Amino acid sequence: MGQVTFTGPGALRDFAEWVTSNSFSRVEILVDQHTAEFCLPRLRKVIDWAGDPIVLPVGEESKSIDGLHHVWMNLLDRKIDRHGVLINLGGGVITDLGGFAASTFKRGIPFVHIPTSLLAQVDAAIGHKTGIDVGGVKNSVGTFAEPDALVVDPVFLETLPDDEYRSGMAEVFKHSLIADRNLWDLLDGYRAGRSCPPGWIQQAAEIKLHIVDQDPREQNRRKLLNFGHSLGHAVESVALTKGILVRHGEAVAAGMLMEAWLSNQLGNLAQSEWDAIRERLTRVYEPLSTKLLDPDTGIAFLRNDKKNRNGSILMVLLDQIGKGVIDRNVTEEQCRAAMHAYPGFYSGE
Ligand SMILES: NC(=O)c1ccc[n+]([C@@H]2O[C@H](COP(=O)([O-])OP(=O)(O)OC[C@H]3O[C@@H](n4cnc5c(N)ncnc54)[C@H](O)[C@@H]3O)[C@@H](O)[C@H]2O)c1
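All residue numbers refer to position in the chain's written sequence, counted from 1. pLDDT decides what is reported in this predicted model: residues at 70 or higher carry local features, side-chain atom pairs at 80 or more are listed and counted, and totals for whole chains, interfaces and linings draw on all residues regardless.

**Observations concerning the domain arrangement of the protein chain**
It is common to give the size of an interface as the accessible area lost on bringing the parts into contact.
Here is step 1 of the chain: Here the bounds of each domain stem from an automatic or database domain assignment. Structurally, the protein chain comprises domain 1 (4–159) and domain 2 (162–347).
Here is step 2 of the chain: Between the C-alpha centres of domain 1 and domain 2 there is a distance of 26 Å.
Here is step 3 of the chain: Counting residues at the interface gives 18 residues for domain 1, matched by 27 residues for domain 2.
Here is step 4 of the chain: Elements are defined by DSSP. Helices are runs of H or I of four residues or more, strands are runs of E of two residues or more, and each kind is numbered from the N terminus. Going through the elements one at a time, helix 6 (118–124) and strand 7 (137–141) are the ones with two or more residues in the side of domain 1 that touches domain 2.
Here is step 5 of the chain: Looking at which element gives the most residues to the side of domain 1 that touches domain 2, the answer is helix 6, with five residues.
Here is step 6 of the chain: Classifying every residue of the side of domain 1 that touches domain 2 gives eight nonpolar, seven polar and three charged. Once C-beta atoms have been placed from the backbone, residue pairs whose C-beta atoms lie within 7 Å are recorded as contacts. For this classification, the nonpolar set comprises Ala, Val, Leu, Ile, Met, Phe, Trp, Tyr, Cys and Pro, the charged set comprises Asp, Glu, Lys and Arg, and every other residue, Gly included, is treated as polar.

**Regarding unusual backbone geometry**
Here is step 1 of the chain: The residue aspartate 48 is not glycine, and still its phi comes out positive at about 55 degrees.
Here is step 2 of the chain: Tracing the sequence through the fold places aspartate 48 in the loop between helix 3 (40–47) and strand 3 (54–56).
Here is step 3 of the chain: For glutamate 218, which is not glycine, the phi torsion reads 60 degrees and is therefore positive.
Here is step 4 of the chain: For glutamate 218, the location among the structural elements is in the loop between helix 9 (198–214) and helix 10 (229–242).

**A look at the pairing of strand 10 (residues 323–330)**
Here is step 1 of the chain: For two strands to be treated as a pair, DSSP must find at least two bridges joining them. Taken together, the six bridges between strand 9 (residues 313–320) and strand 10 define a ladder with antiparallel strand orientation. Bridge pairing links isoleucine 313 to valine 330 in strand 10.
Here is step 2 of the chain: If you look at the hairpin formed by strand 9 and strand 10, you'll find two residues sitting between the two strands, and glycine 322 has a positive phi there, around 95 degrees.

**Topic: the site of the ligand**
Here is step 1 of the chain: Around the ligand sit 31 residues in total, of which His34, Gly91, Gly92, Val93 and Ser117 are the nearest.
Here is step 2 of the chain: Only helix 2 (33–38), helix 5 (92–104), helix 6, strand 7 and helix 7 (162–179) provide two or more residues apiece to the shell around the ligand.
Here is step 3 of the chain: Within the shell around the ligand, the residues separate by chemical class into ten nonpolar, 13 polar and eight charged.
Here is step 4 of the chain: Both domain 1 (4–159) and domain 2 (162–347) contribute no fewer than three residues apiece to the shell around the ligand. Residues are counted as near a molecule or strand when the C-beta atom, derived from backbone positions, lies within 6 Å of that molecule or strand.

**Quick notes on the sheet that holds strand 4 (residues 85–90)**
Here is step 1 of the chain: If you walk across this open sheet you meet the six strands as 1-8-5-4-2-3, and the pairing is parallel. Every other strand in the sheet has two partners, leaving strand 1 (4–7) and strand 3 as the edge strands with one partner each. Sheet twist, expressed as the mean angle between neighbouring strand axes with direction ignored, is 15 degrees.
Here is step 2 of the chain: For strand 4 and strand 5 (residues 111–115), the ladder comprises five bridges, and the chain directions are parallel. Across the sheet, residue asparagine 88 finds its bridge partner in strand 5, namely histidine 113. Angles here are taken between N-to-C directions and fall from 0 to 180 degrees, while the axes themselves are lines fitted to C-alpha atoms, restricted in helices to the stretch in contact.

Here it is as C-alpha coordinates:
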(Lines give C-alpha, C1' and ligand atoms only; values in the text may rest on other atoms or scores of the structure.)
Protein backbone atom coordinates (compact mmCIF):
# COMPACT_ATOMS: atom_id res chain seq x y z
CA MET A 1 0.00 0.00 0.00
CA GLY A 2 1.46 3.44 -0.91
CA GLN A 3 1.47 6.34 1.52
CA VAL A 4 -1.80 8.25 1.94
CA THR A 5 -1.22 11.93 2.71
CA PHE A 6 -3.63 14.19 4.60
CA THR A 7 -2.57 17.84 4.82
CA GLY A 8 -4.00 21.15 5.90
CA PRO A 9 -6.76 22.16 8.30
CA GLY A 10 -9.08 19.20 8.87
CA ALA A 11 -6.40 16.61 7.99
CA LEU A 12 -6.84 14.91 11.36
CA ARG A 13 -10.56 14.42 10.80
CA ASP A 14 -9.97 12.90 7.36
CA PHE A 15 -7.34 10.61 8.86
CA ALA A 16 -9.85 9.40 11.48
CA GLU A 17 -12.15 8.19 8.69
CA TRP A 18 -9.21 6.41 7.06
CA VAL A 19 -8.30 4.61 10.30
CA THR A 20 -11.87 3.45 10.78
CA SER A 21 -12.14 2.21 7.22
CA ASN A 22 -8.90 0.19 7.56
CA SER A 23 -10.10 -1.98 10.49
CA PHE A 24 -6.62 -2.43 12.02
CA SER A 25 -6.38 -5.32 14.49
CA ARG A 26 -4.79 -2.96 17.08
CA VAL A 27 -3.93 0.71 17.21
CA GLU A 28 -0.97 1.78 19.36
CA ILE A 29 0.21 5.36 19.78
CA LEU A 30 3.78 6.53 20.46
CA VAL A 31 4.25 9.95 22.08
CA ASP A 32 6.75 11.87 24.18
CA GLN A 33 5.75 13.50 27.46
CA HIS A 34 4.85 16.79 25.78
CA THR A 35 2.84 15.38 22.91
CA ALA A 36 1.10 13.09 25.42
CA GLU A 37 -0.13 16.23 27.12
CA PHE A 38 -0.73 18.60 24.20
CA CYS A 39 -1.49 16.46 21.16
CA LEU A 40 -2.88 13.12 22.29
CA PRO A 41 -6.18 14.56 23.59
CA ARG A 42 -6.93 15.95 20.11
CA LEU A 43 -6.14 12.63 18.46
CA ARG A 44 -8.09 10.59 21.04
CA LYS A 45 -11.16 12.68 20.35
CA VAL A 46 -11.21 12.08 16.60
CA ILE A 47 -10.31 8.39 16.59
CA ASP A 48 -12.16 7.51 19.80
CA TRP A 49 -9.16 5.71 21.33
CA ALA A 50 -9.03 5.06 25.06
CA GLY A 51 -5.81 3.00 25.40
CA ASP A 52 -2.53 3.88 27.13
CA PRO A 53 0.05 5.40 24.80
CA ILE A 54 3.69 4.32 24.70
CA VAL A 55 5.42 7.31 26.29
CA LEU A 56 9.07 8.34 25.93
CA PRO A 57 10.96 11.08 27.74
CA VAL A 58 11.25 14.33 25.81
CA GLY A 59 14.41 14.93 23.78
CA GLU A 60 17.05 13.50 21.46
CA GLU A 61 18.25 11.04 24.16
CA SER A 62 15.13 8.98 23.45
CA LYS A 63 16.33 8.39 19.87
CA SER A 64 18.63 5.71 21.24
CA ILE A 65 18.99 1.96 21.65
CA ASP A 66 17.26 2.30 25.05
CA GLY A 67 14.35 4.25 23.57
CA LEU A 68 14.04 1.74 20.75
CA HIS A 69 14.11 -1.18 23.17
CA HIS A 70 11.35 0.44 25.21
CA VAL A 71 9.13 0.74 22.12
CA TRP A 72 9.85 -2.80 20.88
CA MET A 73 9.09 -4.25 24.35
CA ASN A 74 5.81 -2.37 24.50
CA LEU A 75 4.83 -3.61 21.05
CA LEU A 76 5.62 -7.18 22.17
CA ASP A 77 3.70 -6.85 25.46
CA ARG A 78 0.72 -5.34 23.66
CA LYS A 79 0.76 -8.22 21.16
CA ILE A 80 0.54 -6.04 18.09
CA ASP A 81 0.69 -8.03 14.84
CA ARG A 82 1.25 -7.12 11.20
CA HIS A 83 -2.41 -6.11 10.90
CA GLY A 84 -2.06 -3.50 13.64
CA VAL A 85 -0.73 0.04 13.28
CA LEU A 86 1.66 2.23 15.27
CA ILE A 87 0.81 5.95 15.20
CA ASN A 88 3.83 8.17 15.79
CA LEU A 89 2.47 11.39 17.27
CA GLY A 90 5.23 13.90 17.91
CA GLY A 91 8.22 15.78 16.61
CA GLY A 92 11.13 14.38 14.61
CA VAL A 93 12.41 12.33 17.53
CA ILE A 94 9.15 10.37 17.71
CA THR A 95 8.72 10.01 13.93
CA ASP A 96 12.37 8.92 13.40
CA LEU A 97 12.36 6.47 16.29
CA GLY A 98 8.77 5.24 15.85
CA GLY A 99 9.33 4.69 12.13
CA PHE A 100 12.48 2.70 12.86
CA ALA A 101 10.78 0.63 15.57
CA ALA A 102 7.78 -0.16 13.35
CA SER A 103 9.85 -0.92 10.25
CA THR A 104 11.93 -3.48 12.11
CA PHE A 105 9.37 -5.02 14.50
CA LYS A 106 8.21 -8.37 13.11
CA ARG A 107 10.05 -7.32 9.93
CA GLY A 108 7.74 -4.36 9.56
CA ILE A 109 4.28 -3.42 10.80
CA PRO A 110 2.12 -0.60 9.40
CA PHE A 111 2.81 2.85 10.85
CA VAL A 112 1.52 6.39 10.53
CA HIS A 113 3.33 9.68 11.09
CA ILE A 114 1.41 12.56 12.64
CA PRO A 115 4.15 15.20 12.93
CA THR A 116 3.37 17.81 15.57
CA SER A 117 6.43 20.09 15.45
CA LEU A 118 7.07 22.48 12.56
CA LEU A 119 10.39 20.76 11.90
CA ALA A 120 8.75 17.36 11.57
CA GLN A 121 5.90 18.76 9.44
CA VAL A 122 8.21 20.27 6.82
CA ASP A 123 11.09 17.82 7.05
CA ALA A 124 11.57 14.90 9.46
CA ALA A 125 8.31 13.09 8.79
CA ILE A 126 8.62 13.47 5.00
CA GLY A 127 10.87 11.25 2.93
CA HIS A 128 10.84 7.83 4.62
CA LYS A 129 14.09 8.07 6.60
CA THR A 130 13.94 6.55 10.07
CA GLY A 131 16.70 6.11 12.59
CA ILE A 132 18.38 6.42 15.94
CA ASP A 133 21.69 7.80 17.25
CA VAL A 134 24.29 5.16 18.12
CA GLY A 135 27.77 5.73 19.55
CA GLY A 136 27.09 9.44 19.86
CA VAL A 137 26.67 9.72 16.07
CA LYS A 138 23.40 11.19 14.88
CA ASN A 139 21.18 8.95 12.75
CA SER A 140 23.93 6.35 12.40
CA VAL A 141 21.48 3.44 12.30
CA GLY A 142 18.20 3.49 10.42
CA THR A 143 16.04 2.35 7.55
CA PHE A 144 14.18 3.76 4.59
CA ALA A 145 10.56 2.91 5.36
CA GLU A 146 7.36 4.42 4.02
CA PRO A 147 4.56 5.14 6.47
CA ASP A 148 1.09 4.00 5.48
CA ALA A 149 -0.19 7.51 6.14
CA LEU A 150 1.21 11.00 6.77
CA VAL A 151 -1.02 13.51 8.54
CA VAL A 152 0.07 17.17 8.58
CA ASP A 153 -2.48 19.28 10.46
CA PRO A 154 -1.56 22.88 11.42
CA VAL A 155 -3.75 22.61 14.52
CA PHE A 156 -0.84 20.97 16.39
CA LEU A 157 1.41 24.01 15.93
CA GLU A 158 -0.85 26.01 18.28
CA THR A 159 0.83 24.45 21.34
CA LEU A 160 4.38 24.34 19.97
CA PRO A 161 6.75 26.55 22.03
CA ASP A 162 8.24 29.58 20.21
CA ASP A 163 11.81 28.22 20.33
CA GLU A 164 10.72 24.99 18.68
CA TYR A 165 8.81 26.95 16.05
CA ARG A 166 11.94 28.96 15.24
CA SER A 167 13.96 25.73 15.07
CA GLY A 168 11.53 24.34 12.49
CA MET A 169 11.79 27.54 10.46
CA ALA A 170 15.44 26.65 9.71
CA GLU A 171 14.27 23.84 7.44
CA VAL A 172 11.77 26.21 5.79
CA PHE A 173 14.68 28.59 5.05
CA LYS A 174 16.77 25.65 3.84
CA HIS A 175 14.14 24.49 1.37
CA SER A 176 13.90 27.98 -0.06
CA LEU A 177 17.69 28.35 -0.34
CA ILE A 178 18.25 25.10 -2.21
CA ALA A 179 15.25 25.18 -4.52
CA ASP A 180 12.86 28.12 -4.39
CA ARG A 181 13.91 31.76 -4.70
CA ASN A 182 10.27 32.85 -4.59
CA LEU A 183 9.80 31.29 -1.13
CA TRP A 184 13.04 32.95 0.06
CA ASP A 185 11.64 36.33 -1.05
CA LEU A 186 8.34 35.67 0.76
CA LEU A 187 10.24 34.71 3.91
CA ASP A 188 11.62 38.22 4.11
CA GLY A 189 8.30 38.91 5.82
CA TYR A 190 9.12 36.42 8.59
CA ARG A 191 10.06 37.94 11.89
CA ALA A 192 11.07 35.82 14.89
CA GLY A 193 8.10 34.19 16.57
CA ARG A 194 5.20 32.44 14.95
CA SER A 195 4.49 34.70 12.00
CA CYS A 196 4.87 32.19 9.17
CA PRO A 197 1.60 31.80 7.23
CA PRO A 198 0.45 28.17 6.76
CA GLY A 199 0.76 28.60 2.97
CA TRP A 200 4.54 29.14 3.19
CA ILE A 201 4.87 26.09 5.45
CA GLN A 202 2.90 24.07 2.92
CA GLN A 203 5.17 25.36 0.12
CA ALA A 204 8.26 24.25 2.08
CA ALA A 205 6.80 20.79 2.72
CA GLU A 206 5.98 20.44 -0.97
CA ILE A 207 9.59 21.22 -1.96
CA LYS A 208 10.73 18.25 0.12
CA LEU A 209 7.93 15.97 -1.10
CA HIS A 210 8.85 16.83 -4.68
CA ILE A 211 12.60 16.30 -4.28
CA VAL A 212 12.09 12.98 -2.45
CA ASP A 213 9.68 11.87 -5.13
CA GLN A 214 12.34 12.48 -7.81
CA ASP A 215 15.10 10.68 -5.89
CA PRO A 216 13.77 8.52 -3.04
CA ARG A 217 17.09 6.79 -2.24
CA GLU A 218 19.29 9.89 -2.24
CA GLN A 219 21.40 8.96 -5.25
CA ASN A 220 21.37 12.45 -6.63
CA ARG A 221 19.03 15.42 -6.22
CA ARG A 222 17.86 14.45 -2.74
CA LYS A 223 21.36 15.20 -1.45
CA LEU A 224 20.38 18.89 -1.81
CA LEU A 225 18.35 18.52 1.37
CA ASN A 226 21.62 18.12 3.27
CA PHE A 227 22.48 21.80 2.81
CA GLY A 228 23.53 23.14 6.22
CA HIS A 229 23.58 19.61 7.61
CA SER A 230 27.28 18.74 7.18
CA LEU A 231 28.57 21.43 9.52
CA GLY A 232 25.20 21.42 11.32
CA HIS A 233 25.60 17.75 12.19
CA ALA A 234 29.19 18.39 13.25
CA VAL A 235 27.82 20.96 15.72
CA GLU A 236 25.11 18.56 16.94
CA SER A 237 27.62 15.78 17.40
CA VAL A 238 29.87 18.05 19.48
CA ALA A 239 26.76 18.97 21.51
CA LEU A 240 25.92 15.29 22.09
CA THR A 241 29.51 14.58 23.20
CA LYS A 242 29.58 17.54 25.57
CA GLY A 243 26.03 17.11 26.87
CA ILE A 244 24.97 20.59 25.63
CA LEU A 245 21.41 21.10 24.41
CA VAL A 246 21.11 22.43 20.88
CA ARG A 247 17.98 22.25 18.81
CA HIS A 248 18.30 20.60 15.40
CA GLY A 249 17.11 23.73 13.60
CA GLU A 250 19.54 25.97 15.49
CA ALA A 251 22.42 23.69 14.50
CA VAL A 252 21.19 23.63 10.89
CA ALA A 253 20.92 27.44 10.84
CA ALA A 254 24.56 27.66 11.98
CA GLY A 255 25.48 24.98 9.40
CA MET A 256 23.72 26.96 6.64
CA LEU A 257 25.58 30.12 7.60
CA MET A 258 28.95 28.34 7.45
CA GLU A 259 28.13 26.49 4.24
CA ALA A 260 26.75 29.62 2.55
CA TRP A 261 29.97 31.40 3.56
CA LEU A 262 31.95 28.55 1.96
CA SER A 263 29.75 28.88 -1.14
CA ASN A 264 30.81 32.49 -1.41
CA GLN A 265 34.49 31.81 -0.65
CA LEU A 266 34.91 28.75 -2.86
CA GLY A 267 32.13 28.84 -5.39
CA ASN A 268 29.66 30.92 -7.27
CA LEU A 269 27.52 32.50 -4.58
CA ALA A 270 27.62 36.26 -5.14
CA GLN A 271 28.71 38.53 -2.29
CA SER A 272 25.32 40.30 -2.27
CA GLU A 273 23.51 36.96 -1.86
CA TRP A 274 25.84 35.85 0.94
CA ASP A 275 25.23 39.20 2.66
CA ALA A 276 21.45 38.68 2.36
CA ILE A 277 21.66 35.15 3.82
CA ARG A 278 23.91 36.31 6.65
CA GLU A 279 21.61 39.23 7.46
CA ARG A 280 18.44 37.08 7.43
CA LEU A 281 19.73 34.11 9.42
CA THR A 282 21.63 36.09 12.05
CA ARG A 283 18.48 38.20 12.54
CA VAL A 284 16.41 35.11 13.39
CA TYR A 285 18.97 32.86 15.14
CA GLU A 286 21.09 33.70 18.18
CA PRO A 287 24.79 32.85 17.85
CA LEU A 288 25.70 29.36 19.06
CA SER A 289 28.10 28.97 21.95
CA THR A 290 31.68 28.74 20.65
CA LYS A 291 32.01 25.53 22.71
CA LEU A 292 29.94 23.91 19.97
CA LEU A 293 32.39 24.96 17.27
CA ASP A 294 35.18 22.67 18.37
CA PRO A 295 36.96 22.04 15.03
CA ASP A 296 38.84 18.90 16.16
CA THR A 297 35.73 17.04 17.34
CA GLY A 298 33.60 18.50 14.54
CA ILE A 299 36.04 17.48 11.80
CA ALA A 300 36.32 13.96 13.21
CA PHE A 301 32.54 13.63 12.80
CA LEU A 302 32.65 15.19 9.36
CA ARG A 303 35.19 12.59 8.21
CA ASN A 304 32.60 9.95 9.14
CA ASP A 305 29.80 11.73 7.30
CA LYS A 306 27.71 9.39 5.14
CA LYS A 307 27.76 11.91 2.28
CA ASN A 308 31.54 11.53 1.77
CA ARG A 309 33.20 9.41 -0.90
CA ASN A 310 36.79 8.18 -1.20
CA GLY A 311 37.88 10.09 1.89
CA SER A 312 36.86 13.54 0.55
CA ILE A 313 34.38 15.71 2.42
CA LEU A 314 31.45 16.31 0.08
CA MET A 315 28.97 19.06 0.78
CA VAL A 316 26.01 20.86 -0.69
CA LEU A 317 26.88 24.45 -1.55
CA LEU A 318 24.80 27.21 -3.12
CA ASP A 319 25.34 28.62 -6.60
CA GLN A 320 22.59 31.16 -6.01
CA ILE A 321 19.74 31.68 -3.58
CA GLY A 322 17.26 29.03 -4.75
CA LYS A 323 19.88 26.86 -6.43
CA GLY A 324 21.92 24.34 -4.45
CA VAL A 325 24.65 22.12 -5.92
CA ILE A 326 25.55 18.68 -4.58
CA ASP A 327 28.87 16.85 -4.10
CA ARG A 328 31.19 19.83 -3.77
CA ASN A 329 34.60 18.87 -2.45
CA VAL A 330 35.58 20.79 0.67
CA THR A 331 38.85 20.27 2.54
CA GLU A 332 39.22 19.90 6.30
CA GLU A 333 41.09 23.20 6.35
CA GLN A 334 38.16 24.96 4.69
CA CYS A 335 35.74 23.44 7.24
CA ARG A 336 37.96 24.67 10.04
CA ALA A 337 38.04 28.11 8.46
CA ALA A 338 34.23 28.20 8.31
CA MET A 339 33.95 27.31 12.01
CA HIS A 340 36.53 29.94 12.79
CA ALA A 341 34.67 32.57 10.74
CA TYR A 342 31.22 31.82 12.27
CA PRO A 343 31.33 34.21 15.28
CA GLY A 344 32.30 37.04 12.91
CA PHE A 345 29.04 36.59 10.96
CA TYR A 346 27.28 38.11 13.98
CA SER A 347 29.64 40.99 14.51
CA GLY A 348 29.62 41.79 10.80
CA GLU A 349 33.35 41.02 10.41
N1 LIG B 1 14.13 11.65 9.10
C2 LIG B 1 14.49 12.80 8.59
O3 LIG B 1 14.54 12.97 7.38
C4 LIG B 1 14.83 13.94 9.51
C5 LIG B 1 14.96 15.23 8.99
C6 LIG B 1 15.20 16.29 9.87
C7 LIG B 1 15.32 16.06 11.22
N8 LIG B 1 15.19 14.79 11.69
C9 LIG B 1 15.30 14.51 13.13
O10 LIG B 1 14.25 15.18 13.81
C11 LIG B 1 14.65 15.40 15.17
C12 LIG B 1 14.29 16.80 15.58
O13 LIG B 1 12.89 16.98 15.45
P14 LIG B 1 12.12 18.04 16.35
O15 LIG B 1 12.79 19.33 16.29
O16 LIG B 1 10.68 17.95 16.00
O17 LIG B 1 12.42 17.50 17.83
P18 LIG B 1 11.50 16.84 18.96
O19 LIG B 1 10.80 15.65 18.45
O20 LIG B 1 12.37 16.66 20.14
O21 LIG B 1 10.40 17.96 19.25
C22 LIG B 1 10.82 19.20 19.75
C23 LIG B 1 10.10 19.54 21.06
O24 LIG B 1 8.79 19.98 20.76
C25 LIG B 1 7.85 19.25 21.54
N26 LIG B 1 6.62 19.21 20.76
C27 LIG B 1 6.44 18.62 19.55
N28 LIG B 1 5.22 18.89 19.09
C29 LIG B 1 4.61 19.66 20.01
C30 LIG B 1 3.34 20.30 20.07
N31 LIG B 1 2.48 20.24 19.07
N32 LIG B 1 3.03 21.02 21.19
C33 LIG B 1 3.95 21.14 22.20
N34 LIG B 1 5.17 20.58 22.18
C35 LIG B 1 5.49 19.87 21.09
C36 LIG B 1 8.52 17.93 21.80
O37 LIG B 1 7.97 17.29 22.91
C38 LIG B 1 9.95 18.39 22.04
O39 LIG B 1 10.08 18.89 23.34
C40 LIG B 1 16.14 15.14 15.24
O41 LIG B 1 16.36 13.91 15.87
C42 LIG B 1 16.55 15.06 13.78
O43 LIG B 1 17.66 14.22 13.56
C44 LIG B 1 14.94 13.74 10.86
